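# Structure assessment
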Amino acid sequence: MANVDYKAAYERQKKAREIAEDLLENRSRELYEANKSLQYAYNKLKGQKEKIVHQEKLASLGQLCAGLAHEINNPAGYIKSNLNTLRNYSEELTVFFKVLDDILSAHKIDNIQVPIVELIEIIQTLRKDCEVNYLLDDIKSIASESREGISRIESIVKGLRDFSRPDEAEPDILDVVQCIENTLSLVKMKIKDKLYVCYDYADPLYVKGQQGSLSQVFLNLIINALHAVGDNGRLIIKAKKETEFAVISFIDNGCGMGSDVCEKIFEPFFTTKKNGQGTGLGLSISHGIIKTHGGLLSVESVEGQGTCFIVKLPLSEADD
Ligand SMILES: Nc1ncnc2c1ncn2[C@@H]1O[C@H](COP(=O)(O)OP(=O)(O)O)[C@@H](O)[C@H]1O
Ligand SMILES: [Mg+2]
């Protein structure tokens, strides 16, 4: 009898264990499936976030396009005209040297004996008639004007290249002051006459980061300042070292914000601007970018007086 009880108890236990094992296996499978779909949803969300960041970048670049085209077209125009002038000058100088050659050959080959003093006088008159001095002076200034135009185009291209650096690229050690300068060369035309920018920085400040992303932050802060100011708009950009951090302040004398607005500015899609002027994403994206750089983006604002955005980034050793 006791034997039968043991067997029945054993069978019951075995069955219970099998049921429990099945249950555990089912649960594990369910958990695995749930984890897989969560991972899928996370990747999709991450992809969408990257797409939104990229779209905001393109939207701000779109606002700059007309100004940039003008900024490149203007030096390109005068460099082209300078090249035409140089071609004309070279023709005029060729004539001068040809006549000079003729005079000297006649003197040598035909053995025309003109006294040296007279010969010098003839050459000097020829030089005057051909305006050689004027041509040489003008060539010098044309060259330096063209060089200046090329540098302007170069700085725009550099700004564009920094700005469009892929966000997923390996971080560089970069000079944040130079990054601000490159970003400014992209907005120069847009802010012209509307926002006077004063700089207060001297030494390079090296941080480890993504050129393109930091440039996106600086661009947004500068354009926001432009939108906030009225007549006599002014933006002071200060960059300094503070213990282990590079601290960059953007101080404008624009409309400022009340605390109700100030509380919401880092929320995605919050904007007080009319359609087409803002996506409401600039500051939330900027906040995220600075955070992933191990830094902090903060704001101080007084309604009717102005706003100061402060970017704090951990300093890094310069790359040699
Ligand atoms: N310098 C500033 N002065 C006053 N208000 C600002 C300034 N910068 C941002 N703001 C406020 O924060 C809001 C959100 O800015 P942002 O996220 O860049 O989006 P957007 O510029 O597209 O509106 C702006 O609509 C504006 O109300
Ligand atoms: Mg903005």
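Residues numbered from 1 in each chain as written. Chains lettered and ligands numbered in written order. Predicted model: local features only at pLDDT ≥ 70, side-chain atom pairs only at ≥ 80, totals over all residues. Heavy atoms only, no water.

## Some remarks on the domain arrangement of the protein chain
Taken domain by domain, the protein chain consists of domain 1 (64-156) and domain 2 (165-314). Once you take the C-alpha centre of each, domain 1 and domain 2 turn out to be 47 Å apart. Between domain 1 and domain 2, the contact holds 7 residues from the first and 8 residues from the second. Carbon and sulfur atoms make up 71% of the surface buried where domain 1 meets domain 2, a total of about 640 Å² over both sides. Inspection of the domain 1/domain 2 interface yields 1 residue pair in polar contact (both at pLDDT 80 or more). Of all the secondary structure elements, the ones that give two or more residues to the side of domain 1 that touches domain 2 are helix 1 (2-109) and helix 3 (132-163). (Domains from an automatic or database assignment. Contact = heavy atoms within 4.5 Å. Buried area = accessible area lost by both parts, 1.4 Å probe. Polar contact = N/O pair within 3.5 Å; in protein donor to acceptor, adjacent residues only side chain to side chain. Helix = DSSP H or I, 4+ residues; strand = E, 2+ residues; numbered from the N terminus.)

## Side note on the packing of aromatic side chains
Following the criterion strictly, the structure yields 4 aromatic pairs and no others. Its end group placed over the ring of phenylalanine 245, lysine 312 keeps NZ or CZ at 5.1 Å from the ring centre. (Phe/Tyr/Trp six-rings, centres within 6.5 Å; stacked < 30°, edge-to-face > 60°. Lys NZ or Arg CZ within 6 Å of the ring centre and 35° of its normal.)

## Regarding the state of the cysteines
Should the sulfur atoms of two cysteines be covalently bonded, the bond is a disulfide. Summed over all chains, the structure comprises 0 disulfides. Looking at the unpaired cysteine 65, the closest cysteine sulfur is the one in cysteine 179, lying at 19 Å. For cysteine 65, a relative accessible area of 45% translates into the label partly exposed. In this model cysteine 179 remains outside any disulfide bridge; the closest cysteine sulfur is found in cysteine 308, 19 Å from its own. (Disulfide = S-S within 2.5 Å. Buried < 20%, exposed > 50% of the residue type's maximum accessible area, 1.4 Å probe, protein only.)

## Brief notes about the nonpolar core
What tends to happen in soluble globular proteins is that the nonpolar side chains get buried as a cluster. Counting 46 residues, the largest nonpolar core has Leu195, Leu214, Phe218, Ile237, Ile248, Phe250 and Val311 as the members making the most contacts within it. Element by element, the count of residues in this core is highest for helix 5 (residues 211-228), at 9 residues. In terms of domain composition, this core takes at least three residues from each of domain 1 (64-156) and domain 2 (165-314). Setting aside its immediate chain neighbours within four residues, isoleucine 248 contacts Val176, Ile180, Phe218, Ile237, Lys238, Ala239, Phe309, Ile310, Val311 and Leu313. Within the second largest apolar cluster, 11 residues are counted, among which are Tyr89, Leu93, Leu126 and Ile142. (Core = buried A, V, L, I, M, F, W, Y, C linked by side-chain atoms within 4.5 Å.)

## Focus: the sheet that holds strand 7 (residues 306-314)
Sheet architecture is open: 5 strands sit in the order 2-4-5-7-6, paired in mixed fashion. Taken across any chain shown, the strands that pair with only one partner, and hence form the sheet edges, are strand 2 (195-200) and strand 6 (296-302). Sheet twist, expressed as the mean angle between neighbouring strand axes with direction ignored, is 15°. In this structure, strand 5 (residues 245-252) lies alongside strand 7, joined through 8 bridges in antiparallel fashion. Among the inter-strand pairings, isoleucine 251 is bridged to a residue of strand 7, identified as cysteine 308. The sheet strands contacting helix 5 are strand 2, strand 4 (233-242), strand 5, strand 6 and strand 7, and the helix crosses strand 5 at an angle near 25°. The strands that helix 7 (residues 282-292) touches are strand 6 and strand 7; relative to strand 6, the one it contacts most, it runs at about 135°. (Pairing = 2+ DSSP bridges. Axes fitted to C-alpha atoms, helices over the stretch in contact; angles between N-to-C directions.)

## As for the packing of helix 5 against helix 7
Relative orientation of the contacting elements helix 5 and helix 7 amounts to 145°, with a least axis distance of 9 Å. Considering only the axes of helix 5 and helix 7, their crossing is left-handed. For the pair formed by helix 5 and helix 7, the contact residues are Ser213, Leu214, Gln216, Val217, Asn220, Leu221 and Asn224 on the first element and Gly282, Leu283, Ile285, Ser286, Ile289 and Ile290 on the second. (Left-handed = near helix turned anticlockwise from the far one by under 90°.)

## Section: the coordination of the magnesium ion (ligand 2)
Every protein donor of the magnesium ion (ligand 2) is listed here as Asn220 (OD1) and Asn224 (OD1), and their distances to the metal cover 2.3 to 2.4 Å. With a gap of 4 residues between them, asparagine 220 and asparagine 224 both fall in helix 5, about one helical turn apart. Under the relative-accessibility criterion, asparagine 220 is labelled buried at 12%. For asparagine 224, a relative accessible area of 17% corresponds to the buried category. (Donors = N, O, S within 2.8 Å, 3.2 Å for Na, K, Ca; no water.)

## Section: the confidence of the model for the protein chain
Interpreting fine coordinate detail is not advised for predicted regions of low pLDDT. Of all residues in the protein chain, 97% attain a pLDDT of 70 or more, and the chain-wide mean is 90. Of all the helices and strands in the protein chain, helix 2 (residues 116-129) carries the lowest mean pLDDT, 88, while strand 7 carries the highest, 98. (pLDDT = per-residue confidence, 0-100.)

## Thoughts on the site of ligand 1
Of all residues adjacent to ligand 1, which total 19 residues, the nearest are Thr271, Thr272, Lys273, Gly280 and Leu283. Contact between ligand 1 and lysine 273: an oxygen atom at 2.6 Å from a side-chain N or O atom of the residue. A distance of 3.4 Å separates a nitrogen atom of ligand 1 from a polar side-chain atom of threonine 307. Protein burial of ligand 1: of its 530 Å² of free accessible surface, 96% is covered by the chains. For the shell around ligand 1, the secondary-structure elements that each account for two or more residues are helix 5, helix 7 and strand 7. (Near = heavy atom within 4 Å. Areas by Shrake-Rupley, 256 points an atom, 1.4 Å probe, with all protein chains shown as cover.)

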